[in-house]
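Structure at a glance
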Amino acid sequence: MYAVEYGKKQEWKVKGIQISYIFGLSLIITAIIYFFAANWPGFDKWMKIGLSVSLIVFFYIISFVLGKLVKKHPFLSDLFLFLGCLSFGVGVALLGQIYNSHADSYMLFMIWSIPALLFSIFTKYQPFYILSYGLLHFTLWFYLFPSSGFQYVPKEFAQWILLITALVNGILYLVTDRGILKSRPLQYCSFIMMQIILLGLTMEELFDWFNVFVSSLFILLSIALYIYILKKQFNKPFLVLVGLFSIAFIIIKFIEFIDYIGSEYVFLFTIFIPFVIVGFVIFGLRKWRQNQRGEQQSFLKKIIVGVATAVASIIAGSSILGISYLFFDDVSFTFFLFFAIALIIIGVLMEKWDQVIRYTLLFTAFFLGVPATFLESSSWLGLLFIGALVFVFWSIQSSGFRYVTYLVTMISFFAVINDINYDIELVFGLILTINLAIYFGTTKVIDDGRLKDVLINNSIFYGMFSFFFLTFLFENEPILYYFTNGSYFVLTTLYVLLTLKQNHKVHHWILLLFWFAFIVYKYYDLVWGLLHKSVTFLITGLIIIAITIKFDNIQLEGSGRKPRTMAMVTAIVTIIAVQIVTLGVQIQKSEHLLTNGELIKLELAPIDPRSLLQGDYLVLRYDISSLELDEDVSWNERIFVGLEEKTGGVYEYSGVYATGKAVPDDIKNRADVWITGKFKGYENIEYGIENYFVPEGTGWDLQEIINYAYVRVAENGDALLVDVARD
């Protein structure tokens, strides 16, 4: 017994030391990034390039140093190797910003994904698996749906590419599920992504042939997954996921059906569908109970009940709303609140009714009642609905149903309090206070283990959510602002460590999620200066590291992974060298174009979006961005556009263009300059000069005063945007 207790304490100590190192290092790294961000506009081009490359080299050197000096914590070396790869991606993005190349270009993510994928192969480090997986999907997404420019991808092409991507994710799920590739995060990611893509592809006209094909595929896949998960491995989370996606699929088909019919009278028919669903499920489950026993069958029944009640409730609620507005021009939301409360009372009190019927009534009440609380002006009636929700929470014993009810209660409470007093600080302050009261009250009063877990888990999550939201408020009250942010950071840090010590995994991960969310999202908070953040995080990180080193006296029998072989080290060094060379080539190519390219002036018309990695930028449209072409040009085909100098030094379309690998000799002299682009459909051409990066928040003002862009064009037609100006 003593040995077990000692083992648990030692395990906690190892985890505590590791999480403390990660905390401290995360803060120090954040401080470095914020310092660069605060001073970035004041750096010249070469200083920016030097800092970007130096940061990459710094992380990789630290990785190798830690691998040699801190062998009992190999995760530190792996972590800095991972940070080096992250820095490489940021470096590529910053070079794109410095030279005004494509924002969020799929090429950026593709280049970044190559070393990430190679690192994942050689190191088997889980974060590299996730990073490479995410980058490859970002590459695909921005190839098909660019966030900048005016590009068009043929619909059929995009559909088939996405379908193939879904199938690849399905294969990856099977590979990870069978242990060929050991990565639980990838297993979940691939499973969820496969379902999301297939679900998205079914969102077309109801009887569109591709919709019918993918919908049939989705149905067959869902059935196969149910059978596979039950027979090969009984995995509750994956069964729940299949159930959730099945609900989403049926609701999507219901909406498509309503849209296809195009008449409100269809609700007179759909109102009977819930009765059919509920009746069929009850009959089927009663037959099943006579022949099936065991945990697997029991859990599957719960999934079936959940899917059936959710679908039946949404269809019932939609049909009731549709019929109400069909026969009555002006229906008061008071009616829907009273109707929802009545359904709740019936669903709770009719204990002898089948659970499918009761849950359907209650979910229908939620579906009708929640929107009504936002639209109904009577606060007392909203509070009455909340009281009915509390009644449901205490009466229904199902933990899953209680989680849903708690969520619905929080949403309704927000709506009612927001209606009483539209002070967002007060609203979230009250939500935080109520959840704190529930948390501390539950720990003192509630003895029922299942009820206690539900209350504590929910109160922590929604309490932290409201607290996190409060850190962005109080903008006009600096003292309250800093107090709220400081309290959030200190308390979250302490409770992350406390829950780790107490081995409360769910609470620990909830708090850790909000701790990292605070660090990440504060980058976009303009009230608290970036330089101030960097100093604060640097000091805090150094203190945490110092305390961790002080208490890091644990002796580990093994590192948890095999030492890196010479071949592995050689491969890693080679990957790092290729990254540095890649950055060098990108810099050299851009500088050569700036030095030797011909400077031309183009007229433009900009708009202002935001890049995922590179900040604010203007998307520029030129007169030459849309041209009427005499012959058919394939999508994404390379095209050479001839330009000639006009009045005021502005270059315009000369009326001549060419496709292929080079401009034919017989038309070269018919233009002063030839610029290369790619045809993107609907007469749109992209030249790679469509993005101009600006300091954060200045895009809207700048776009009002600029009329021209200055561009360098090389002999082969490649172009680089140099500047924008009024004249």
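The written sequence of each chain sets the order in which its residues are numbered from 1. This being a predicted model, a pLDDT of at least 70 is required before a residue's local features are given, and a value of 80 or more before pairs of side-chain atoms are given or counted; all residues contribute to the totals for chains, interfaces and linings. Here the side-chain values reflect all heavy atoms present in the structure, with hydrogen atoms and water set aside.

**Brief notes about the overall build of the protein chain**
Only DSSP runs of H or I reaching four residues or more are called helices, and only runs of E reaching two or more are called strands; each is numbered from the N terminus. The helix and strand inventory of the protein chain stands at 23 helices and 10 strands. The buried label applies to any residue whose accessible area, calculated with a 1.4 Å probe on protein chains only, is under 20% of its type's maximum; exposed applies above 50%, and partly exposed to all values in between. Within the protein chain, buried positions represent 48% of all 727 residues. Within the protein chain, contacts between residues separated by at least 24 positions form 70% of all contacts whose residues are at least 6 apart in sequence. Only the protein chains shown count as cover for residues, and the accessible areas themselves come from Shrake-Rupley with a 1.4 Å probe. Entry remark: accessible area of the protein chain is about 37,000 Å², with carbon and sulfur atoms responsible for 66%. Contacts are assigned to residue pairs with any non-hydrogen atoms lying within 4.5 Å of each other.

**Some words on unusual backbone geometry**
Even without glycine at this site, Lys124 takes up a positive phi of about 60°. Here Lys124 shows up in the loop between α4 (106-123) and α5 (126-144). Overall, the relative accessible area of 53% leaves Lys124 in the exposed class.

**Quick word on the nonpolar core**
Only buried Ala, Val, Leu, Ile, Met, Phe, Trp, Tyr and Cys residues count toward a nonpolar core, and they belong to the same one when joined by side-chain atoms within 4.5 Å. Judged by nonpolar contacts, the single largest core of 40 residues is most densely connected at Tyr173, Phe191, Leu198, Leu201 and Ile229. When contributions to this core are tallied by element, the ones reaching two or more residues are α5, α6 (155-177), α7 (184-201), α8 (209-232), α9 (236-261) and α12 (295-327). Those residues in contact with Phe191 that lie beyond four places of it in its chain are Tyr173, Leu225, Phe238, Leu241 and Val242. In terms of nonpolar packing, the next biggest core, distinct from the first, is built from 39 residues, Leu66, Phe82, Val92 and Ile572 among them.

**A few points about the sheet that holds strand β6 (residues 673-679)**
As summarised here, the arrangement of the 4 strands in space is β5-β4-β6-β7, forming an open sheet in which the pairing is antiparallel. Each having just a single partner strand, β5 (651-659) and β7 (685-686) make up the two edges of the open sheet. DSSP calls a pair of strands paired once it identifies at least 2 bridges connecting them. Of the pairings in the sheet, the one linking strand β4 (residues 638-645) to β6 comprises 6 bridges and is antiparallel in character. When the sheet's bridge partners are listed, Val641 is paired in β6 with Ile675.

**Observations concerning the packing of helix α3 (residues 74-98) against α4**
Between α3 and α4, the shortest axis-to-axis distance is 9 Å and the interhelical angle comes to 165°. Taken together, α3 and α4 sit at an angle that is classed as roughly antiparallel. For the pair α3 and α4, the sense of crossing is right-handed. Only Leu108, Ile111, Trp112, Pro115, Ala116, Phe119 and Thr123 of α4 make contact with α3, whose side of the interface consists of Leu81, Cys85, Leu86, Phe88, Gly89, Val92 and Ala93. In the contact of α3 with α4, the residues fall into 12 nonpolar, 2 polar and no charged. Angles shown run from 0 to 180 degrees and are taken between the N-to-C directions of axes, each axis being a line fitted to C-alpha atoms and, for helices, limited to the stretch in contact. Small angles under 35 degrees read as roughly parallel and large ones over 145 as roughly antiparallel, with 65 to 115 read as roughly perpendicular and the rest as oblique. Handedness of a crossing is defined here by the sense of rotation of the near helix relative to the far one, left-handed for an anticlockwise turn of less than a right angle and right-handed for a clockwise turn. Following the grouping adopted for this structure description, the nonpolar residues are Ala, Val, Leu, Ile, Met, Phe, Trp, Tyr, Cys and Pro, the charged ones are Asp, Glu, Lys and Arg, and the polar ones are all others, Gly among them.

**Concerning the packing of aromatic side chains**
Aromatic pairs are defined between Phe, Tyr and Trp rings, using the six-membered ring for Trp, whenever the two ring centres lie within 6.5 Å; interplanar angles under 30 degrees are classed as stacked, those over 60 as edge-to-face, and all others as tilted. Counted by the stated rule, this structure contains 49 aromatic pairs. With centroids separated by 6.1 Å and ring planes inclined at 45°, the aromatic side chains of Trp160 and Phe213 adopt a geometry described as tilted. Of the two residues, Trp160 sits in helix α6 while Phe213 sits in helix α8, which places them 53 residues apart along the sequence. Judged by relative accessible area, Trp160 falls into the partly exposed class, the value being 38%.

**Remarks on the pattern of salt bridges**
Salt bridge, as used here: a side-chain nitrogen of Lys or Arg that lies within 4 Å of a carboxyl oxygen of Asp or Glu. The tally for this structure, following the rule as stated, stands at 3 salt bridges. When the shortest N-O distance is used, the salt bridge between Glu204 and Lys155 registers 3.0 Å. Highlighted residues: Glu204 in the loop between α7 and α8 and Lys155 in helix α6, separated in sequence by 49 residues. You can call Glu204 partly exposed: its relative accessible area is 24%. Judged by relative accessible area, Lys155 falls into the partly exposed class, the value being 41%. A salt bridge links Glu644 to Lys646; the nearest nitrogen and oxygen atoms lie 2.7 Å apart. By relative accessible area, which is 35% here, Lys646 ends up partly exposed.

**A word on the pairing of strand β9 (residues 708-713)**
Walk down a regular strand and you will see the side chains alternate between the two sheet faces. Looking at chain direction, β9 and strand β10 (residues 719-725) are connected through 6 bridges and run antiparallel. In the sheet register, Val711 faces β10, and the bridge partner there is Leu721. Counting the residues between successive antiparallel strands, the hairpin from β9 to β10 contains 5 residues, one of them, Gly717, with a positive phi of roughly 100°.

**Observations concerning the environment of Ile56**
Among the secondary structure elements, Ile56 is positioned in helix α2 (residues 45-69). Residue contacts for Ile56: discarding those within four places in its chain leaves Gly84, Ser87, Phe88, Ile580 and Leu583.

**Digging into α9**
Two residues of an α-helix separated by three or four positions point the same way, owing to the 3.6 residues in each turn. Working rule for helices: expected span equals 1.5 Å times residues minus one. Taking 1.5 Å as the rise per residue, α9 with 26 residues should run 38 Å; its terminal C-alpha atoms sit 38 Å apart, in good agreement. Gly262, located one to two residues past α9, shows a positive phi value of around 70°.

**Quick notes on a nonpolar patch on the surface**
Residues Leu436, Phe440, Val490, Leu491, Leu494, Tyr495 and Leu498 make up a contiguous nonpolar surface patch of about 610 Å² in total accessible area. In terms of residues, the nonpolar patch owes the most to one element, helix α19 (residues 478-501), which gives 5 residues. Within the secondary structure, Val490 is located in helix α19. On the basis of relative accessibility, which here comes to 45%, the residue Val490 falls in the partly exposed class. Each patch is built from residues lacking any salt bridge and having more than 30% relative accessible area; the joining distance is 9 Å for like charges and 5 Å for nonpolar side chains (Val, Leu, Ile, Met, Phe, Trp, Tyr).

**Focus: the confidence of the model for the protein chain**
Summary of the metric used: pLDDT quantifies the predictor's per-residue confidence within the range 0 to 100. Residues with a pLDDT of 70 or more make up 81% of the protein chain, whose mean pLDDT is 79. Across the protein chain, element-level confidence peaks in α7 with a mean pLDDT of 92 and bottoms out in strand β2 (residues 610-611) with 44. Confidence drops under a pLDDT of 50 for residues 1-6, and excluding neighbours within four residues, the segment shows 0 contacts in the predicted structure. Here residues 608-615 scores under 50 on pLDDT; set against residues more than four positions off or in separate chains, the count is 37 contacts.

**Regarding the side chain of Thr492**
On the secondary structure map, Thr492 appears in helix α19. Apart from the residues within four sequence positions on either side, Thr492 is in contact with Met464, Ser487, Leu511 and Trp515.

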